[in-house]
Amino acid sequence: MERETFYAQMAGGSGLDYELYLNTEALLACQKPFSALCNHDELQFQIVHQVEELWMKLIAYTLLDIDEHLAQGASCRVLSLFGRCHRVLRLMIAQLELLETMSPKEYQEIRLQLGNGSGQESPGFRVLVQMLPHIWRTYQSEYLEKRALTLEQIYNSQYRHDDAYVVAECLMELDELFQKFRWHHILLIHRSIGMGAASLKGRSVDLLQTGAKHRFFPQLWEIRSQMTDAWGGTYGRVRDSIADGAP
């Protein structure tokens, strides 16, 4: 096939309504020209990361709406919007698998094009890290403090599977999916360039590993441990095996 013919068509700019609405000419110009790619995998590398930025932009935009609806106690709308964020995060995790189709050699060639850049410099990532603690404060104010409730009551002693509970579980899932995204990113680095290389020590990889241990809503993780400890105090931390009573 004549590459140049198809290259020209891939650039967009036909002036059709679809292209004008989506601004495809500008969108398709966001990647390097084909002639400037360091190898045939660099286009994929750029597109995956650019799409991730767009997904994070959508999550951040949606979190602003979630925060407003939390403040109004509009739980049904909050649940719907959290569901969108969860789906987007699952897409982000799945997309990372595309980068596993690159060989370590090709990945190293692309790294040379990045300078000292890393995912820690992502504007979308930095915004989300700042926004999530604020989301928790709004939930805490509207669903706990104003209702004179604690997480222990919501999850255990006054458990009713009500809106305070299901919104808390939405927060938990968001936190869990964010951590899964981070861990998939770490495993991708393991597979692509390794984690033990001397050139990576003290750099962004260390920050990524530290971040993967971070919890945005630690209270939601801790309540589970507290409940298990309380049950252990009542029923015993180590119980008799059910096999002991078998005939």
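Residues numbered from 1 in each chain as written. Predicted model: local features only at pLDDT ≥ 70, side-chain atom pairs only at ≥ 80, totals over all residues. Heavy atoms only, no water.

A. A look at helix α5 (residues 75–95). When the terminal C-alpha atoms of α5 are compared, their 30 Å separation across 21 residues agrees well with the 30 Å that a helix rising 1.5 Å per residue should span. In this structure, the buried side of α5 is in contact with α4 (42–72), α7 (123–145) and α9 (163–192). (Helix = DSSP H or I, 4+ residues; strand = E, 2+ residues; numbered from the N terminus. Expected span 1.5 Å × (residues − 1). Contact = heavy atoms within 4.5 Å.)

B. Spotlight on the confidence of the model for the protein chain. Confidence along the protein chain averages 88 in pLDDT terms, with 87% of residues attaining 70 or more. Averaged pLDDT values over the elements of the protein chain bottom out at 59 in helix α10 (residues 204–212) and peak at 98 in α5. (pLDDT = per-residue confidence, 0-100.)

C. Representation of the nonpolar core in the model. Residues Leu63, Ile66, Phe82, Tyr139, Tyr155 and Leu220 are the most contacted members of the largest nonpolar core, which totals 55 residues. Where this core is concerned, the elements lending two or more residues are α4, α5, α6 (104–111), α7, α8 (151–157), α9 and α11 (218–235). By residue number, the principal contributor to this core is α9, which donates 14 residues. Those residues within four positions of phenylalanine 82 in sequence are excluded, and the remaining contacts are Ile66, Ile135, Val167, Cys170, Leu171 and Leu174. (Core = buried A, V, L, I, M, F, W, Y, C linked by side-chain atoms within 4.5 Å. Buried < 20%, exposed > 50% of the residue type's maximum accessible area, 1.4 Å probe, protein only.)

D. Here's a closer look at the pattern of salt bridges. Taken as a whole and judged by the stated rule, the model has eight salt bridges. Of the charged contacts, one joins lysine 146 and glutamate 142 as a salt bridge, the two residues approaching to 3.0 Å between their closest N and O atoms. Taking relative accessible area as the criterion, glutamate 142 reaches 18% and is therefore assigned buried. Measuring nitrogen to oxygen at the nearest pair gives 2.9 Å for the salt bridge that ties arginine 147 to aspartate 163. Highlighted residues: arginine 147 in the loop between α7 and α8 and aspartate 163 in helix α9, separated in sequence by 16 residues. (Salt bridge = Lys/Arg side-chain N within 4 Å of Asp/Glu carboxyl O.)

E. Spotlight on a nonpolar patch on the surface. Residues Tyr18, Tyr21 and Leu22 make up a contiguous nonpolar surface patch of roughly 430 Å² in combined accessible area. Following the sequence through the fold, tyrosine 18 ends up in helix α2 (residues 17–22). (Patch = residues over 30% accessible without salt bridge, like charges linked within 9 Å, V, L, I, M, F, W, Y side chains within 5 Å. Areas by Shrake-Rupley, 256 points an atom, 1.4 Å probe, with all protein chains shown as cover.)

F. Just unusual backbone geometry, in detail. Phi at asparagine 23 is positive, roughly 55°, even though this residue is not glycine. Locating asparagine 23 in the fold gives a position in the loop between α2 and α3 (24–27). With relative accessibility at 45%, the residue asparagine 23 sits in the partly exposed group. The phi angle at alanine 148 is positive, at roughly 55°, despite the residue not being glycine. Positionally, alanine 148 belongs in the loop between α7 and α8.

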